[in-house]
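Each chain, written out:
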Amino acid sequence: MIYEEISHYRLVSQKLYKKSSCSPQEIVKHFGAMQAQDYAMAKWAIGSRCNSNEKEIEEAINSGKIIRTHILRPTWHFVSPDDIYWMLDLSAPQVKRFTASAAKKFGYDDKKLDQANASIEKLLAGNNHLTRDEIMQELGIKRTSSEDFLSAAIMMNAELDGLVCNGKMKGKQITYALLEERVSKPNSKLTKEEALAKLALRYFESHGPATVLDFSWWSGFPPTICQKTINAIELQLNCITIDNQQYWFKKDLKNEGNFRESVHFLPAFDEILISYKTREVSFNTEHQSKVFTNNGIFKPIILENGKVIGIWKRTFKKDHAKIETEFFNEIEINKKELLFEGIKSFERYLKTKIVID
């Protein structure tokens, strides 16, 4: 393996090299956690890796086969019900520092947050799924621009405490439900060291080849802790050193030899970019400002053979979805037609006609 091939091997780890026969919930479990702040795009992150359409993925989320909550970093993630409790035990204490700081600005200390939790638990008991606005109305918190930050902090705190997670969608609105009513608590717990080892193994199997700093960024844990964890599981992984940098990946990562040509129209915040500390492997740095902004907003990307060659956006019309593309370099019309073949999987996923502008 050489540096230029890392992006190809990541396609394999990330289940983008070939369409997987896995179910949506198996895709999520493979990744451990998939960033899901942009809900519509996050569903496509799953759909781009399996043969399920949007409706099937939404059903998996609504039924609790996939959980959406705040975990690892202070942002939304999809996570498997099998992993939710041990992963919360591991990561919640570090993420709660952010929510505690935000809540304190509005006079909410730990005691007031616990009181809010008690009220939320009563409101949602009996599989009662409510939106954030409905919950805040019951808590007597008005809907204003400033109070919106407080309501977000209160609900994120409740998620990190293992009290709530996503409920069933109410039209286009996200709801909350009690986590224990969606996923039963396990009988045993992992130690912190066991959980870190499990998280690291999951990361490198689904994201490798990747570095210790990549894992640190994705997991939210300091590099020193991450390196110690890798040292503990290194016999379960393969490692290659390129330009004095160690890259870790799963033992049986297939050597595909001559990688086939592939084009992917991937969503904003996709794991192929968001899950790495540095991303030069996947695109030319001169195009970085077009791929993601300085404040961390990632665009939907066009990936050719593991490299980002452009960005795209979709607009929903009455009877179709319009796709607009922006390529970083000038591309001949006949080449564009070949590239646009990659959008057909999105058309099948949406079950809606696609019009390319």
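For the structure itself, look to the data block above.
Position numbers for residues start from 1 in each chain and track the written sequence from start to end. Selection of residues for local features in this predicted model requires a pLDDT of at least 70, selection of side-chain atom pairs for listing and counting requires 80 or more, and totals for whole chains, interfaces and linings are taken over all residues. With hydrogens and water set aside, each side-chain value is computed from the structure's full complement of heavy atoms.

*Asks:* Provide a residue-level description of the pairing of strand β10 (residues 301-304), including the pertinent values.
*Replies:* Residues Ile301 and Leu303 of β10 are buried on one face, and the alternating residues Ile302 and Glu304, pointing to the opposite face, are buried as well. By the convention used here, strands pair only if DSSP detects at least 2 bridges between them. Starting at the N terminus, helices and strands are each numbered in turn, a helix being any DSSP run of H or I of at least four residues and a strand any DSSP run of E of at least two. With 4 bridges connecting them, strand β9 (residues 263-266) and β10 associate as antiparallel partners. When the bridges of β10 are listed, Phe265 appears paired with Ile302. Bridge count for β10 against strand β11 (residues 307-316) is 4 bridges, and the pairing is antiparallel. What sits directly across from Ile302, in β11, is Gly310. Adjacent in sequence and paired antiparallel, β10 and β11 are bridged by 2 residues, among which Asn305 carries a positive phi angle near 50 degrees. For every residue, the accessible area (1.4 Å probe, protein chains only) is compared with the maximum for its type, and the residue is labelled buried under 20%, exposed over 50%, or partly exposed between those bounds.

*Asks:* Kindly report on the sheet that holds strand β12 (residues 320-327), identifying the contributing residues and their values.
*Replies:* With mixed pairing, 5 strands are arranged side by side in an open sheet as β9-β10-β11-β12-β13. Looking at strand neighbours, the two that pair on one side only are β9 and β13 (353-356), the edges of this open sheet. Taken pair by pair, the neighbouring strands of this sheet meet at an average axis angle of 30 degrees, ignoring direction. By the bridge criterion, 7 bridges tie β11 to β12 in an arrangement that is antiparallel. Bridge pairing in β12 links Phe316 to Ala321. Contacts from helix α3 (residues 39-47) reach β9 and β11, with the element oriented near 125 degrees to β11. Helix axes use the C-alpha atoms of the stretch in contact, all axes being lines fitted to C-alpha atoms, and the angles between their N-to-C directions lie in the range 0 to 180 degrees. Contacts: residue pairs with any heavy atoms within 4.5 Å of one another.

*Asks:* Which residues make up the packing of helix α11 (residues 212-219) against helix α12 (residues 223-233), and what values do they have?
*Replies:* For the pair α11 and α12, the least separation of the axes is 9 Å and the interaxial angle reads 115 degrees. Crossing of α11 against α12: the hand is right-handed. Across from Val212, Leu213, Phe215, Ser216 and Ser219 in α11, the residues of α12 making contact are Pro223, Cys226, Gln227 and Ile230. Throughout, the ten residues Ala, Val, Leu, Ile, Met, Phe, Trp, Tyr, Cys and Pro are labelled nonpolar, Asp, Glu, Lys and Arg are labelled charged, and all others, Gly among them, are labelled polar. For the contact of α11 with α12, the per-class residue count stands at 6 nonpolar, 3 polar and no charged. For any pair of crossing helices, the crossing counts as left-handed if the nearer helix is rotated counterclockwise from the farther one by less than a right angle, and right-handed if it is rotated clockwise.

*Asks:* Give a detailed account of the packing of aromatic side chains, specifying residues and quantitative values.
*Replies:* Any pair of Phe, Tyr and Trp rings, taking the six-membered ring for Trp, is counted once the centres come within 6.5 Å. Such a pair is stacked with planes under 30 degrees apart, edge-to-face with planes over 60 apart, and tilted for the rest. Under the definition given, this model contains 15 aromatic pairs. Geometrically, the ring pair formed by Tyr203 and Phe204 is edge-to-face, given 5.1 Å between the ring centres and 80 degrees between the ring planes. Exposure class is identical for Tyr203 and Phe204. Each is buried. Arranged with centres 6.2 Å apart and planes meeting at 45 degrees, the rings of Phe327 and Phe340 form a pair that is tilted. You can see Phe327 sitting in strand β12 and its partner Phe340 sitting in the loop between α15 (333-339) and α16 (344-350), a full 13 residues away along the chain. Among the aromatic side chains, those forming a connected cluster through ring pairs are Trp44, Phe265, Trp312, Phe346 and Tyr349. The ring of Trp217 is capped by Arg73, whose NZ or CZ atom sits 4.9 Å from the centre of that ring. Two limits define a charge over a ring: the Lys NZ or Arg CZ must be within 6 Å of the ring centre, and within 35 degrees of the ring normal.

*Asks:* Summarise the sheet that holds strand β4 (residues 130-131); cite the residues concerned and give the values.
*Replies:* Strand order in this open sheet of 3 strands is β4-β6-β5, and the pairing throughout is antiparallel. Edge positions in the sheet fall to β4 and β5 (164-166), since each has one partner strand and no second.

*Asks:* Go over the side chain of Asn305, please, and point to the residues and values.
*Replies:* Mapped onto the secondary structure, Asn305 falls in the loop between β10 and β11. With residues up to four places along the chain from it excluded, the contact list for Asn305 reads Ser7, His8, Leu11, Arg260, Glu261 and Ser262.

*Asks:* Before we move on, could you go through the pattern of salt bridges and cite the residues and values that matter?
*Replies:* In a structure, side chains of opposite charge can pair up when their charged atoms sit close to one another. By convention in these notes, a salt bridge is any Lys or Arg side-chain nitrogen within 4 Å of a carboxyl oxygen on Asp or Glu. In the structure shown here, the tally under the stated rule is 14 salt bridges. Glu341 serves as the salt-bridge partner of Lys344, at 3.3 Å between the closest nitrogen and oxygen. The exposure class of Lys344 is partly exposed, given its relative accessible area of 37%.

*Asks:* Provide a residue-level description of helix α10 (residues 192-207), including the pertinent values.
*Replies:* Counted at 1.5 Å a residue, the expected span for α10 with its 16 residues is 22 Å, and the 22 Å between its end C-alpha atoms agrees. Regarding α10, the residues found buried are Ala195, Leu196, Leu199, Ala200, Leu201, Arg202, Tyr203, Phe204, Ser206 and His207. An expected span of 1.5 Å times one less than the residue number is assigned to each helix.

*Asks:* Mind laying out the nonpolar core, listing which residues take part and the relevant values?
*Replies:* Ranked by size, the top nonpolar core spans 81 residues in total, and within it Ile46, Phe78, Ile120, Ile154, Val164 and Phe346 carry the most contacts. No other element matches α3, which puts 6 residues into this core. Beyond its immediate stretch of four places on either side in the chain, Ile46 contacts Pro24, Ile27, Val28, Met34, Ile57, Ile66 and Phe78. Residues grouped as a nonpolar core are buried Ala, Val, Leu, Ile, Met, Phe, Trp, Tyr and Cys residues, joined through side-chain atoms within 4.5 Å. The next biggest cluster of nonpolar side chains, apart from the first, holds 36 residues, and it includes Leu88, Phe215, Ile230 and Trp248.

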